[in-house]
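Close look at the chain arrangement
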Amino acid sequence: MKAIGLTLVAISTLVVTCHAASPSVEQRYVNHLRELGMYRLAEVYCREQSAADGLTDRERVEMAIELSLVAVSRAHNAPPGDRDHFWQQAFAPLEGWLATADRPFRLLAELQDALNRLNEAEIGRLEQVGYANQAATELVQSRVRSAIANLRSIADTIKLRRRELALGQVSGPADLDERELAGLGRNVSLALARAYREQAFTYTPGSPDRVNALQQAAELLTPLAAALPAVETTWEARVALAKALTELGQVDEGRAAITQWQSEVVPPDIAVELVAADAKLLATAGQIEDGLAMLDASGIAPGSAPSVDLVRLELLVASNSRDSGAIESLLASIRAKHAARYVRQAEALVGQAYGGSDDATTAGGKVLAAEHFYRAGQLPAAIAAYDEAAEMYRDARDRERAFAAERSAAAIVQQRGDYLQAAERFRRLALGSVDRDNSATDHREAILSLATAVKQSGAENSDRAMVNYLELCREHLRHWPAGYTSAEVRWWLAQALAARRQWQATIDVLGELDSASPYFKPSTTLLSTAFRHRVATETDPTKRQALIVEAVSRLQPLVVGSGDQIGWPSAWTDAQRACALELARLQIDGGNSGYAKDMLDAAVVRGQPPPSAEYRAQATPVLAIALVSTGNTAEAIELLRESARAGGNAGSLESLAERLTAQLFEYSQSDVPRRTERAAIGQLLLATLSPEVAGDGTSSWALPADRYRAAAMAAVANDAVARQLYESLVAKYPKNGDLQEEYARLLASANAASDRESALAAFHRIERSTRRGSDRWRRARQARIDLLIQLGRNDEAEKLKALTRLLGNNLDQN
């Protein structure tokens, strides 16, 4: 437990030194995990131990303190923006003890709570070094004052408890004996001295407030350092007193005290601390080279003692702040070998030298300044410093460090949320040298940044942003066609192209995905969808048929295999079922309904494991269409009835007619013409309504059979009968929005200009009678725009478009 050191002042160590000769096995184990940075494992272990049966109150408070210390360590190791969460975790385990005045061992929890506040103040101060920030300074001062007040209160309570014990008049819990209270009192005095020293650092150097705080620390430490025999707290007080005398500029007094202490039998770890303190005193006297020589002569290897490394770093900063090479090297060693709390102190030292002045004339110095600005939350200053460092590295032909500085700047720009600038920075970095191993990764970051910018862009800028995104993806594939990022970027590009309904381009991009790629399986579903849309938009019959043949040749092997391995899957995957559905739709469009029937019979009816309810709902109507197209109308009706029953519906003819009509309406909204499928559904709906199937049962339906017959007639292109039926129905049911919209679409599909004018008026009526911004309102508005263009009234169409755009934001909110 000694390895925790005075910086954290681990209260679990203080408790144990009052009670036993050494820390418990559990405490040593948790401390070891903390020092290794294995915070999650340490936290889990503490929680498991705390939940164990049979623990004493003391064991429970010690485990709560250990859990608190894990969070403190994590706070030291976390970026500034993530720390609040860990500080909350540090205070939480102690709340149960603090909430009850006479709870046993409450003093121990109080002391850890005060130390947590002190640690929170210290790390906040360290990362504000180098620039003036009054609000941050006041927050640190407030936390230090709170810690001091709590520590004084604890010290008073200990004195009272010791007096009561001496008089035999104990009023509180008899949890700590005289020896333990005495030891705890010494540790509280150490912590209070540390708090005063921390408070001093929040004041201007040389100011009366700073001197007063340091003197209070020295006054507390002097009797502790003189106590004999010299126990652990005595030596800790001596090291702390040497530091306080250093800050007060009392070099001779400090060095004389160290010389006297070194004449005694000094514990090895304290001997190291005294060497560091003595070197610091020399530095305070301006004897920088003597201090460095003392550290070199001590035989203490760099990386073995954090206190010595920190003093050595301070001396290097003081002696050669314009040449950052040695400083960078030592800082890297500290980062690699010491705990996070020492790293923060080292970074603050360097930050004060390079972030607080214009002396950083080397590129390395600029990087050190940038790192400090970043930790302090000064992101614009950090970006500027990294940019300057990159320029200086380029001038020195240090290519890798130039790229590293540029990458850091780009990452901070990205963190700030300026995604367009971040995309440009990462792109420039990647294209600056495409032969670097990580250049593709940088370009990938550019794509991700631009993707976020696309999502955030307004409606007016989204199209241009998406075009830039597509070009960036294509640029990536040109420069790194076979790199480890290419498959992912190819998949992103395909998805973006599909979103823009560029189906042939989507097919081409997906064709370059290797079957070993992790994106190959999900790409098969998109590929099948792209083929269906591409086929549906091809007007040339020869090209259309060629596309269907190509689609089958590429998609069919994904379902049934190829070569000697052809056969239905023994276990269907979601991707295979998706391909089967799209192949069936393509073959129905191509006039090969028998193929579609066999494919979906295998996927939907016989395939194992059974398909999901969502897939069955999508595939069953297509299978029914294939059955109707192959002359199996009765089987199709029964299939749909079974599907209705499986969905909890009674499977009545009325509900079947409603489902088929809803399917027709869905097909009519599709951007892809679904004429073949609509015709088959129409035939099926007519068969359902026929006297042979329905008899006279339709007389009890909520809507007359003519409502469904009208939709069926429109689907099979019998427009004359459909129109006659709709005219009667819309007059009878003027508030039925579905009927009004279906009739308007029927009029809009006619060739006569007069019918389209009637459709225009019908859609206008639908708009006026529908809530603005609803799906039906949007469809009616778009239909009006399309009809105006078809009728050659382009000026009116443009005005309506402009009005719709102006309404856009309000519509989205609705």
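Note that the coordinates shown come from a computational prediction; the quantities given were computed from them, not determined experimentally. (Residues numbered from 1 in each chain as written. Predicted model: local features only at pLDDT ≥ 70, side-chain atom pairs only at ≥ 80, totals over all residues. Heavy atoms only, no water.)

**Things to note about the overall build of the protein chain**
When helices and strands are counted, the protein chain shows 41 helices and zero strands. Relative to the compact-globule value of 28 Å for 814 residues, the protein chain shows a C-alpha radius of gyration of 39 Å, a clear excess of over 25%. Oriented by its inertia axes, the alpha-carbon framework of the protein chain measures out at about 115 × 70 × 60 Å. Counting all 814 residues of the protein chain, 50% fall into the buried class. In the protein chain, once contacts between residues fewer than 6 apart in sequence are set aside, the share between residues at least 24 apart is 59%. (Helix = DSSP H or I, 4+ residues; strand = E, 2+ residues; numbered from the N terminus. Rg over C-alpha atoms; globule rule 2.2 N^0.38 Å. Buried < 20%, exposed > 50% of the residue type's maximum accessible area, 1.4 Å probe, protein only. Contact = heavy atoms within 4.5 Å.)

**Thoughts on the nonpolar core**
If you look at the biggest cluster of nonpolar residues, it comprises 118 residues, and the most contacted ones within it are Y469, L555, L600, Y615, L684, L685 and F763. Residues in contact with Y615, not counting those within four places in the same chain, are R577, A578, A580, L581, L600, A603 and V604. Among the nonpolar cores identified, the runner-up in size contains 53 residues, and F105, L111, L115 and V251 belong to it. (Core = buried A, V, L, I, M, F, W, Y, C linked by side-chain atoms within 4.5 Å.)

**Side note on the confidence of the model for the protein chain**
For the protein chain, mean pLDDT is 86; residues scoring 70 or higher make up 92% of the total. Of all the helices and strands in the protein chain, helix α1 (residues 5–8) carries the lowest mean pLDDT, 28, while helix α13 (residues 251–262) carries the highest, 95. Contacts for the low-pLDDT stretch residues 1–21, under 50 throughout, to residues beyond four places or in other chains number 75 contacts. For residues 809–814, every residue scores under 50 in pLDDT, and the model assigns this stretch seven contacts once sequence neighbours within four places are set aside. (pLDDT = per-residue confidence, 0-100.)

**What about the side chain of R83?**
Relative to the helices and strands, R83 is located in helix α6 (residues 83–91). Using a relative accessible area of 7% as the deciding quantity, one classes R83 as buried. For R83, the residues in contact, after removing those within four places along its chain, are A75, H76, A78, I123, E127 and R344.

**Here we look at a nonpolar patch on the surface**
Nonpolar side chains collect at one region of the surface, where Y29, L36, M38 and L41 lie side by side and expose about 350 Å² of accessible area between them. Position of L41 relative to the elements: it lies in helix α4 (residues 39–50). Take L41: its relative accessible area is 39%, and that puts it in the partly exposed class. (Patch = residues over 30% accessible without salt bridge, like charges linked within 9 Å, V, L, I, M, F, W, Y side chains within 5 Å. Areas by Shrake-Rupley, 256 points an atom, 1.4 Å probe, with all protein chains shown as cover. Salt bridge = Lys/Arg side-chain N within 4 Å of Asp/Glu carboxyl O.)

**Remarks on α13**
Given a rise of 1.5 Å per residue, twelve residues ought to cover 16 Å, and the 16 Å separating the end C-alpha atoms of α13 matches this to within 8%. Inspection of α13 places V251, G254, A257, I258 and W261 among the buried residues, and these make up the whole buried set. Projected down its long axis, α13 carries its buried residues within an arc of 135°, all on one side. α13 presents D252, T259 and Q260 as exposed residues on the side facing more than 90 degrees away from its buried surface. In this structure, the buried side of α13 is in contact with α11 (208–226), α12 (232–248) and α14 (268–284). (Expected span 1.5 Å × (residues − 1). Arc of directions from axis to C-beta.)

**Considering the pattern of salt bridges**
Applying the stated criterion to the full structure yields 56 salt bridges. Here R125 makes a salt bridge to E198, at a shortest N to O gap of 2.3 Å. Remark: E198 occurs in helix α10 (residues 178–200) and R125 occurs in helix α8 (residues 106–126); sequence separation between them is 73 residues. Its salt-bridge partner being R534, residue E538 comes within 3.0 Å of it at the nearest N-O pair. Here the two residues E538 and R534 agree in accessibility, since each one is buried. Counted as one network, the salt bridges with shared partners bring together R197, R210, E247, K280 and E314.

**Brief notes about α4**
With twelve residues, α4 extends 16 Å between its outermost C-alpha atoms, agreeing within 8% with the 16 Å of an ideal straight helix rising 1.5 Å per residue. Among the residues making up α4, those that are buried are Y39, A42, E43, Y45 and C46. Around the axis of α4, the buried residues are gathered within 165° of arc, so they sit on the same side. Projecting away from the buried face of α4 at angles above 90 degrees are the exposed residues R40 and E48. Tucked inside the fold, the buried residues of α4 contact α3 (25–35), α5 (57–77) and α6.

**Digging into the environment of A191**
Here A191 shows up in helix α10. Once you skip the residues sitting within four places of it in the chain, A191 turns out to touch L115, L118 and L151.

**A look at unusual backbone geometry**
L228 connects to P229 through a cis peptide bond whose omega is -5°. If you trace the backbone, P229 turns up in the loop between α11 and α12. Cis peptide bonds are those with omega within 30 degrees of zero, and the linkage from Q608 to P609 qualifies with -5°. The phi dihedral of R397 falls on the positive side, at around 60°, and the residue is not glycine. With relative accessibility at 79%, the residue R397 sits in the exposed group. The phi torsion at A717 lies on the positive side, around 65°, for a residue other than glycine. Here A717 is to be found in the loop between α36 (705–715) and α37 (719–732).

**Considerations on empty space enclosed by the protein**
The tally for this structure, following the rule as stated, stands at three cavities of 30 Å³ or more. In this structure, the second largest cavity occupies an estimated 40 Å³ of space. Lining the second largest cavity are E43, R47, L67, V70, A71, R74 and Q89. Only α4 and α5 provide two or more residues apiece to the lining of the second largest cavity. The leading source of residues in the lining of the second largest cavity is α5, at four residues. Of the residues in the lining of the second largest cavity, the class split is three nonpolar, one polar and three charged. (1 Å grid on protein atoms, 1.4 Å probe; cavity = no way out; pocket = protein on both sides within 12 Å on 5 of 7 lines; lining within 4 Å. Points joined across faces, edges and corners; volume = space filled by probe spheres on them. Nonpolar A, V, L, I, M, F, W, Y, C, P; charged D, E, K, R; others polar.)

**What about the packing of α3 against α4?**
α4 packs onto α3 with a crossing angle of 160° between their chain directions and a minimal axis gap of 8 Å. Taken together, the axes of α3 and α4 lie roughly antiparallel to each other. Read as a crossing pair, α3 and α4 show a hand that is left-handed. Seen from α3, the contacting residues are E26, Y29, V30, L33 and R34; seen from α4, they are Y39, L41, A42, Y45, C46 and Q49. Split into classes, the residues belonging to the contact of α3 with α4 amount to eight nonpolar, one polar and two charged. (Axes fitted to C-alpha atoms, helices over the stretch in contact; angles between N-to-C directions. Parallel < 35°, antiparallel > 145°, perpendicular 65-115°, else oblique. Left-handed = near helix turned anticlockwise from the far one by under 90°.)

**Brief notes about the packing of helix α38 (residues 737–748) against helix α39 (residues 753–768)**
Interhelical geometry of α38 versus α39 gives an angle of 155° and a closest axis separation of 7 Å. When the axis of α38 is compared with that of α39, the two are roughly antiparallel. The element α38 and its partner α39 pack so that their crossing is left-handed. Of the residues in α39, those in contact with Q740, E741, A744, R745, L747 and A748 of α38 are D755, R756, S758, A759, A762, F763 and I766. Along the lines of polarity and charge, the residues of the contact of α38 with α39 split into seven nonpolar, two polar and four charged.

**Topic: the packing of aromatic side chains**
Throughout the structure, instances matching the rule amount to four aromatic pairs. Here W568 and W572 contribute two aromatic rings whose centre-to-centre distance is 6.1 Å and whose plane-to-plane angle is 25°, an arrangement assigned as stacked. Residue classification places W572 among the buried positions, given a relative accessible area of 6%. Ring geometry for W701 versus Y708: centroids 5.7 Å apart, planes at 75°, classification edge-to-face. We note R103 situated over the ring of W97; from NZ or CZ to the ring centre the distance is 3.9 Å. (Phe/Tyr/Trp six-rings, centres within 6.5 Å; stacked < 30°, edge-to-face > 60°. Lys NZ or Arg CZ within 6 Å of the ring centre and 35° of its normal.)

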